[in-house]
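Residue-level structure breakdown
Chain by chain, the residues run as shown.
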Amino acid sequence: MTGRETAYRPADSARADQLLFGGPLVYDFGFARHDGKAGTASVSQWLRSLPAPLAIVLTLAARVDRAALTQVLLAELGQGLARAFLLLAANRALLQLFAGAPTPQRITAALPALAAIGAVSALSALLSALSTAATGRLEPRIENAVTQEILHHAVRAELEAMEDEGFHRILDSARFAADYAKRMIGQGVAVLNSLIGLIAAGGVLAVLDWRLMPLLILIAAPRAWGSVRTARRRYLSVQTWLTHIRAINALLGLLTSKDAAAEVRVHQLGPFLVDQYQAMARRAEAEQTRLARERAGTTLLASTLSGAATLATYAVLLLLLLNGQVAMAVAGTAALAIRTGVGSIGTLVSQINTVYDSSLYVADLAELRQAGPRRAIPTGGDPIPVGPALLELKDITYTYQGRTTPAVRQVSLSVAPGQVVALVGANGAGKTTLVKIICGLLRADGGTMQWAGVDFTGADRENWFGRIALLGQDFERWPLSARCNVLLGDVERPDDDEGITEAARQAGALAAVEALPHGWDTIITRGYLRSAELSGGQWQRLGLARTMFRAKAALVIADEPTAALDPASEIDTFAKLRALTADGTSVLLITHRLAATRLADHIYVINDGTVTEAGSHQDLLAAPLVPGGYRDLFQRQATEYGTATVLPPRTPNDAAAATEVS
Ligand code: ATP
């Protein structure tokens, strides 16, 4: 232990990466699949992949606000025409100014063209403002529409799809489509604007003298090359940098997290982690310096090339002028048109990478649109009656994707109205899987399941979910208010404060909620105003309250509902679950505490995915003693914890059994 100070060497960054993360920290989230693509895509790749995402965004824009889209398109088109008109008007003004007449006459003759330039410039500014306003209106609407679409697919997907790596990656990545679809509007407008500007400049040059067209290409080519190179380098630098930033952020998160604070102090991890951080930060600094130098070099080269091309262009123009092949006015207008065209090409090219980057994420939406309906929970089907009913499973078998052996094999069981049925078995026996099948979350590969005589395969899944209240093993600790944590059991009764309080009382959670600093309005997590924490056991009671608030549920499933409870609360909770059956509600209880199973009307012992024993507590205790069997486990637990004498017996027979084993 004391050798730590001497054994520890200051960290270098590669060693820090290796030590903390086992190598460089590379994201494996869905969105990370696009990392770096925009920096390496070829122009043909770019051209091939752009139309589909562009069509998505345009169709969405037309759907959410057709008027705004039309306004943007017309305003941009108008600006392009205005630019062409301005160039031609400038040509006209120059012609008048360079004419042979006396100066006052030349100025008077040029006045109409100059006035038209003023008016059209003002109109162009107005059109630009109209385009900006309409873009601003479109962007949030598109973002909302895409977000809604993604949420729709996310909440409707089968649980199996959510657990499927491929589908989950699409969903994870598509989350960003909303933001990128929004950005594509602005980027698209910029591209459209520069494209129209380019066409206007090219068109004017063609009208003036077609031989001037190649000049535009001559000057634009090095500019375009320089812009692409700079943009790609910058993009790739950010990618390199991102990997490191993520590692640093992960470490910063650990160093400042409340959860890790105790261990950081007791295990004296502070200096060690700060040292790793410094090593990473130094490497990040060095990387930034290198990238800045590289970028400066690229920019210098691009500017030199573009400057040389500009000089050459003007030299050619001068030559044509001196040879009398073009008039002075035409040369002046051509210079203006070339400036406009080159500016447009600069914007166009610098937007290429950003548009391509955005299009990758918007394309995820297209993928989700295809996969979403295929993986969605079907709607409609046979209705399921409300109220207590019989649940029957026959020969149910289920194998997880990627597994060779079934997690549940040929299980038959039934839960009658008003019954408490217990599922017991070792870790990994298949109990939770069975619960997910019963809930309608996993679809069995074989066998049948019926509720009130309605077969699951044809049943209305909404109805099926609606009949069940689930307190899962990993029930959700929503970082929301205490009230909302109960309300989420039945969102159809958002104002039923009395029902919420009653459910909390039933579950034994009321005292803990009332002790919170803001009572029911306290947000149960850390880091917000009005927030506070609950203990593990208090959370479990609140989870139970949520389950009990689910009014239409005729089957309450509690998977390890007392794992975090103290012995007295555990007994109390089992009694409360039993009390639920008074109105015919059935309870399916999954537990490792065999003392509690005595409260059950029927017990199924699951081993290795299949039912190995079934019957009442008395039946199972009367069975021959098999190592690992119910009787063996019950006796061992009873001896170890003395639970058989702690739990109040339900029947005289239970009392006899309890005395026998204790
Ligand atoms: P415990 O008492 O520990 O909660 P359990 O009886 O509830 O265990 P299950 O969670 O149903 O057991 O697991 C049954 C088997 O299925 C185990 O072998 C487990 O590894 C496997 N399993 C569970 N969930 C998945 C999953 N999502 N994908 C693949 N295999 C799974």
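Residues numbered from 1 in each chain as written. Predicted model: local features only at pLDDT ≥ 70, side-chain atom pairs only at ≥ 80, totals over all residues. Heavy atoms only, no water.

What follows deals with the overall build of the protein chain. Looking only at helices and strands, one finds 25 helices and 12 strands in the protein chain. Taking contacts inside the protein chain between residues at least 6 apart in sequence as the whole, the part at least 24 apart equals 77%. (Helix = DSSP H or I, 4+ residues; strand = E, 2+ residues; numbered from the N terminus. Contact = heavy atoms within 4.5 Å.)

What follows is about the sheet that holds strand E2 (residues 408–415). Pairing within the open sheet is antiparallel, and its four strands lie in the order E2-E1-E4-E5. Every interior strand has two partners, whereas the edge strands, E2 and strand E5 (454–455), have only one. As defined by bridge partners, strand E1 (residues 391–398) adjoins E2 across five bridges and the pair is classed as antiparallel. Along E2, the bridge assignment pairs Tyr398 with Val408. (Pairing = 2+ DSSP bridges.)

Residues Val486, Trp520, Leu534, Leu542, Leu577, Ile603 and Tyr630 are the most contacted members of the largest nonpolar core, which totals 48 residues. In terms of residue count, helix H20 (residues 536–549) provides more of this core than any other element does, six residues in total. In contact with Leu534, not counting residues within four places along its chain, are Ala512, Leu516, Ile524, Trp539 and Leu542. Residues Leu69, Val72, Ala181 and Val362 belong to the second largest nonpolar core, which totals 36 residues. (Core = buried A, V, L, I, M, F, W, Y, C linked by side-chain atoms within 4.5 Å. Buried < 20%, exposed > 50% of the residue type's maximum accessible area, 1.4 Å probe, protein only.)

Here we come to the pattern of salt bridges. The full count for this structure, using the stated rule, is 22 salt bridges. Put simply, Arg369 and Glu149 hold a salt bridge, and the shortest N to O gap is 2.4 Å. Of this pair, Arg369 sits in helix H14 (residues 328–374) while Glu149 is found in helix H7 (residues 103–156), placing the two residues 220 residues apart along the sequence. Overall, the relative accessible area of 15% leaves Glu149 in the buried class. Shared partners join several salt bridges into a network, and the residues in it are Glu143, Asp179, Lys182 and Arg183. (Salt bridge = Lys/Arg side-chain N within 4 Å of Asp/Glu carboxyl O.)

As a further point, take a nonpolar patch on the surface. On the surface, a nonpolar cluster with roughly 320 Å² of combined accessible area is contributed by Leu97, Ile107, Leu111 and Leu114. Here the element with the most residues in the nonpolar patch is H7; it accounts for three residues. For Leu97, the position within the fold is in helix H6 (residues 66–97). The exposure class of Leu97 is partly exposed, given its relative accessible area of 31%. (Patch = residues over 30% accessible without salt bridge, like charges linked within 9 Å, V, L, I, M, F, W, Y side chains within 5 Å. Areas by Shrake-Rupley, 256 points an atom, 1.4 Å probe, with all protein chains shown as cover.)

What follows covers the site of the ligand. Taken together, 14 residues are adjacent to the ligand, and Gly428, Lys431, Thr432, Thr433 and Gln473 come closest. One of the backbone nitrogen or oxygen atoms of Ala429 is found 3.1 Å away from an oxygen atom of the ligand. At 2.8 Å, a side-chain N or O of Lys431 approaches an oxygen atom of the ligand. Protein coverage of the free-state accessible area of the ligand, which is 630 Å², stands at 69%. (Near = heavy atom within 4 Å. Polar contact = N/O pair within 3.5 Å; in protein donor to acceptor, adjacent residues only side chain to side chain.)

A few words now on helix H18 (residues 497–507). Buried residues of H18: Gly499, Ile500, Ala503, Ala504 and Ala507, and no others. Viewed end-on, H18 has its buried residues packed into an arc of 135 degrees, placing them on one side of the element. On its buried face, H18 sits against helix H17 (482–487), helix H19 (510–514), H20 and helix H21 (567–579). Gly508 lies just past H18 and shows a positive phi near 75 degrees. (Arc of directions from axis to C-beta.)

What follows deals with the sheet that holds strand E12 (residues 610–615). With mixed pairing, the six strands of this open sheet are ordered in space as E6-E9-E10-E3-E11-E12. With partners counted over all chains shown, the strands left at the sheet margins are strand E6 (468–471) and E12, one partner each. Direction aside, the axes of adjacent strands within the sheet are offset by 15 degrees on average. The sheet contact formed by strand E3 (residues 420–425) and strand E10 (residues 586–590) spans four bridges and is parallel. Along E10, the bridge assignment pairs Val420 with Val587. (Axes fitted to C-alpha atoms, helices over the stretch in contact; angles between N-to-C directions.)

With that out of the way, let us pick up the packing of helix H5 (residues 51–64) against H7. Relative orientation of the contacting elements H5 and H7 amounts to 105 degrees, with a least axis distance of 9 Å. By the angle between their axes, H5 is roughly perpendicular relative to H7. Contacts between H5 and H7 involve Val57, Leu60, Ala61, Arg63 and Val64 on the former and, on the latter, Leu138, Arg141, Ile142, Ala145, Val146 and Glu149. Classifying every residue of the contact of H5 with H7 gives eight nonpolar, no polar and three charged. (Parallel < 35°, antiparallel > 145°, perpendicular 65-115°, else oblique. Nonpolar A, V, L, I, M, F, W, Y, C, P; charged D, E, K, R; others polar.)

Attention shifts here to the side chain of Arg546. As for its placement among the helices and strands, Arg546 is situated in helix H20. Here Arg546 sits buried without a salt bridge, and the closest side chain of opposite charge, Glu476, lies 7.3 Å off (N-O distance). A polar side-chain atom of Arg546 sits 3.0 Å from the main-chain carbonyl oxygen of Glu476. The contacts of Arg546, once residues within four sequence positions are left out, are Phe475, Glu476, Trp478, Asn485, Val486, Leu488 and Gly489. (Lys, Arg positive; Asp, Glu negative; His and termini not counted.)

As a further point, take the pairing of strand E4 (residues 446–451). Here E1 pairs with E4 via five bridges, running antiparallel. By the bridge assignment, Glu392 is partnered in E4 with Gln450. Strand direction decides the pairing type here: E4 and E5, joined by two bridges, are antiparallel. The residue of E5 that forms the bridge with Gln450 is Asp455. The turn linking E4 back onto E5 is made up of two residues, and Ala452 within it adopts a positive phi angle of 50 degrees.

On to unusual backbone geometry, then. One non-glycine residue, Gln268, lies in the positive phi region at around 50 degrees. On the secondary structure map, Gln268 appears in the loop between helix H12 (258–266) and helix H13 (270–322). The residue Arg530 is not glycine, and still its phi comes out positive at about 60 degrees.

Our next topic: the packing of aromatic side chains. For any two aromatic rings, the description comes down to two numbers: the centre-to-centre distance and the angle of the planes. Evaluated as defined, the whole model comprises five aromatic pairs. Summarising the aromatic geometry, the rings of Tyr180 and Tyr361 are spaced 4.2 Å apart at their centres and angled 10 degrees between planes, so their arrangement reads as stacked. One end of the pair, Tyr180, is in helix H10 (residues 177–208); the other, Tyr361, is in helix H14, and 181 residues separate them in sequence. The residues Tyr180 and Tyr361 share a single accessibility class, namely buried. A ring pair is formed by Phe456 and Trp464, whose centres lie 5.0 Å apart and whose planes are at 75 degrees; its orientation type is edge-to-face. Phe456 sits in the buried class, given a relative accessible area of 10%. Aromatic rings pair up to connect Phe176, Tyr180 and Tyr361 into one cluster. One residue, Arg183, lies across the ring of Tyr180, its end atom 4.4 Å from the ring centre. The lysine or arginine in question, Arg493, covers the ring of Phe549, its NZ or CZ lying 3.9 Å from the ring centre. (Phe/Tyr/Trp six-rings, centres within 6.5 Å; stacked < 30°, edge-to-face > 60°. Lys NZ or Arg CZ within 6 Å of the ring centre and 35° of its normal.)

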